[in-house]
Amino acid sequence: MSNAPQATDEPFDPHSVPVKPAATVLLVRDAVAGGIEVFMLRRTFNAAFASGMFVFPCGKVDDVDGIDEIASICDGLTDEYASSLLGIPGGGLAYWVACIRECFEEAGVLLARHEETGHVVRFDQPEIVERFNAERKNIYDGSVALLELCMREGLRLTTDSIHYVSHWITPVGEKRRFDTRFFIARAPAAQEPLHDDGETIESFWISPQEAINRAHERDLMLMPPTKANIEFLLDHVTTDEVMAAAAKIGTPQTILPKIKIDSDGRVIGIAIPGDSDYDAL
């Protein structure tokens, strides 16, 4: 018997699509030539969502990100306070944990510090790089949990220095929808990000202005939330400035774009709160 999906005459119900919690992290560093850079990845063209788009490390919030035990290795942030920032009754800390886990899985950067010394993790010796590259794969395939890795290595997650900066929800009408919280973190000095050649096929550091310029030239395909978060970086010339500004945001406005469709039913763009046509859609 064939296992292929069967054709159906049932119309697509856009309101039936589940909205999944997700976390995205902007890794920022000072550029050698001055100014700042942000780390970006390109998603594979085979991806079910945002194929070929340039993004930041991101992914769904998994159940394992919210287990009670993981709070014991999160520095300077409680679930109660994290949840209050997100405007949810509980489970907020899981978003910070998810962005750390996804950053490690997708970019190979672990936002953690050594429990004994308080120093941020450094991947500056071949044997350390080799060991953590193996652990990166183990975290990705689920054979090792982030909590297990941190307990074994004596690490704590740097949740105290990761700031929540924006909140976007995928528009109604998309076949995959995410309730995505965006965070900003300082890139560790002795860790070099690299895409995984699985979900992502390219990676690079880029200045915010160059990213916006290339987006306008259609050389860099950015989704609206990605572009908006890059624009937040434009006014800052150092990572210290970015982090200070991010720390002051508190709870950002939730942005739920709406799809714009022409008379022939074709999608022609999106509108966001504040656009003249938003309320009419």
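Everything below is about the structure printed above this text.
Residues numbered from 1 in each chain as written. Predicted model: local features only at pLDDT ≥ 70, side-chain atom pairs only at ≥ 80, totals over all residues. Heavy atoms only, no water.

Enquirer: Could you give an account of a negative patch on the surface, with specific residues and numbers?
Expert: Taken together, the side chains of Asp68, Glu69, Asp79 and Glu80 present a region of like negative charge at the surface. Note that Asp79 resides in helix H1 (residues 79–86). (Patch = residues over 30% accessible without salt bridge, like charges linked within 9 Å, V, L, I, M, F, W, Y side chains within 5 Å. Areas by Shrake-Rupley, 256 points an atom, 1.4 Å probe, with all protein chains shown as cover. Salt bridge = Lys/Arg side-chain N within 4 Å of Asp/Glu carboxyl O. Lys, Arg positive; Asp, Glu negative; His and termini not counted. Charge placed at Lys NZ, Arg CZ, Asp CG, Glu CD. Helix = DSSP H or I, 4+ residues; strand = E, 2+ residues; numbered from the N terminus.)

Enquirer: Lay out the side chain of Thr170 with the relevant residues and their values.
Expert: Among the secondary structure elements, Thr170 is positioned in the loop between strand E7 (162–169) and strand E8 (177–186). A polar side-chain atom of Thr170 sits 2.8 Å from the main-chain amide nitrogen of Phe178. Contact partners of Thr170, with chain neighbours within four places excluded, come to Arg176, Arg177, Phe178 and Leu256. (Polar contact = N/O pair within 3.5 Å; in protein donor to acceptor, adjacent residues only side chain to side chain. Contact = heavy atoms within 4.5 Å.)

Enquirer: Go over the environment of Asn213 with me, naming the residues and quoting the values.
Expert: The residue Asn213 is located in helix H5 (residues 208–216) in this model. On the basis of relative accessible area, Asn213 is assigned to the partly exposed category, the value being 35%. Along the primary structure Asn213 and Gly35 are separated by 178 residues, whereas in three dimensions their C-alpha atoms are 16 Å apart. (Buried < 20%, exposed > 50% of the residue type's maximum accessible area, 1.4 Å probe, protein only.)

Enquirer: An account of the packing of helix H3 (residues 126–141) against helix H4 (residues 146–153) is requested, with residue identities and associated values reported.
Expert: Interaxial distance between H3 and H4 falls to 10 Å at its minimum, and their mutual angle equals 155 degrees. Judged by the angle between their axes, H3 and H4 are roughly antiparallel. In this structure, H3 contributes Arg131, Phe132, Glu135 and Ile139 to the contact, and H4 contributes Leu146, Leu149, Arg152 and Glu153. Tallied by class, the residues present in the contact of H3 with H4 amount to 4 nonpolar, no polar and 4 charged. (Axes fitted to C-alpha atoms, helices over the stretch in contact; angles between N-to-C directions. Parallel < 35°, antiparallel > 145°, perpendicular 65-115°, else oblique. Nonpolar A, V, L, I, M, F, W, Y, C, P; charged D, E, K, R; others polar.)

Enquirer: If you had to explain the nonpolar core to someone new, which residues and values would you point to?
Expert: Leu27, Trp96, Leu110 and Leu157 are the most contacted members of the largest nonpolar core, which totals 48 residues. Ranked by the residues each element gives to this core, the list is headed by helix H2 (residues 93–107), at 11 residues. Dropping the residues within four chain positions of it, Leu110 is found in contact with Ile100, Phe104, Val121, Phe123, Phe132, Leu146, Leu155, Pro188 and Gln191. Core analysis: the next-biggest nonpolar cluster, separate from the first, contains 24 residues, Val28, Val165, Leu220 and Met243 among them. (Core = buried A, V, L, I, M, F, W, Y, C linked by side-chain atoms within 4.5 Å.)

Enquirer: Break down the pairing of strand E12 (residues 267–271) for me, citing the residues and quoting the values.
Expert: Two elements, strand E11 (residues 258–261) and E12, share 4 bridges in a ladder whose sense is antiparallel. Bridge assignment links Lys258 to a residue of E12, and that residue is Ala271. (Pairing = 2+ DSSP bridges.)

Enquirer: Which residues make up the state of the cysteines, and what values do they have?
Expert: By the definition in use, this model includes 0 disulfides. No disulfide involves Cys74; its nearest neighbouring cysteine sulfur is the one of Cys150, lying 8.6 Å away. For Cys74, a relative accessible area of 6% translates into the label buried. (Disulfide = S-S within 2.5 Å.)

Enquirer: Can you tell me about the packing of aromatic side chains, naming the residues and giving the values?
Expert: Within this structure, the stated rule accounts for 6 aromatic pairs. With a centroid separation of 5.6 Å and an interplanar angle of 40 degrees, the aromatic rings of Tyr164 and Phe183 are classed as tilted. Residue Tyr164 is found in strand E7, and its partner Phe183 is found in strand E8; the two are separated by 19 residues along the sequence. Like Tyr164, the residue Phe183 is buried in the burial classification. Cluster of aromatic residues (ring-pair linked, three or more members): Trp96, Tyr164 and Phe183. The residue whose ring lies beneath Arg214 is Phe204, and the NZ or CZ to ring-centre distance is 5.7 Å. Of note, Lys258 hangs over the ring of Tyr278, and the distance from its end group to the ring centre comes to 4.3 Å. (Phe/Tyr/Trp six-rings, centres within 6.5 Å; stacked < 30°, edge-to-face > 60°. Lys NZ or Arg CZ within 6 Å of the ring centre and 35° of its normal.)

Enquirer: Describe the pattern of salt bridges, listing the residues and the values that go with them.
Expert: Opposite charge on two side chains allows them to pair when their charged atoms are near. This model, assessed by the stated rule, comprises 19 salt bridges. Across the salt bridge formed by Glu102 and Arg101, the nearest N and O atoms sit 3.1 Å from each other. Residue Arg101 is classed as buried on the basis of its relative accessible area of 5%. When salt bridges that share partners are traced, they join Asp62, Asp65, Arg101, Glu102 and Glu105 into one network.

Enquirer: So what's going on with helix H6 (residues 224–233)? Residues and values would help.
Expert: Inspection of H6 places Pro225, Thr226, Asn229, Ile230 and Leu233 among the buried residues, and these make up the whole buried set. The buried residues of H6 all sit within an arc of 135 degrees when viewed along its axis, so they share a single face. (Arc of directions from axis to C-beta.)

Enquirer: For a nonpolar patch on the surface, give the residues involved together with the corresponding values.
Expert: On the surface, a cluster of nonpolar side chains totalling about 270 Å² of accessible area is made up of Phe45, Ile201 and Met221. With relative accessibility at 33%, the residue Met221 sits in the partly exposed group.

Enquirer: How would you summarise unusual backbone geometry if you had to cite specific residues and measurements?
Expert: Backbone geometry places Arg218, a non-glycine residue, at a positive phi of 60 degrees. Judged by its relative accessible area of 76%, Arg218 is exposed.

Enquirer: Explain the packing of H5 against H6 residue by residue, including any values.
Expert: The geometry of H5 relative to H6 is characterised by a closest axis approach of 9 Å and an angle of 140 degrees between their N-to-C directions. For the element pair H5 / H6, the angle class is oblique. Two packed elements cross with a definite hand, and for H5 against H6 that hand is left-handed. When H5 is examined against H6, the residues Pro208, Ala211, Ile212 and His216 are found in contact with a partner set consisting of Lys227, Ile230, Glu231 and Leu233. Grouping the constituent residues of the contact of H5 with H6 by class yields 5 nonpolar, 1 polar and 2 charged. (Left-handed = near helix turned anticlockwise from the far one by under 90°.)

Distances and angles like these do not, on their own, reveal function.
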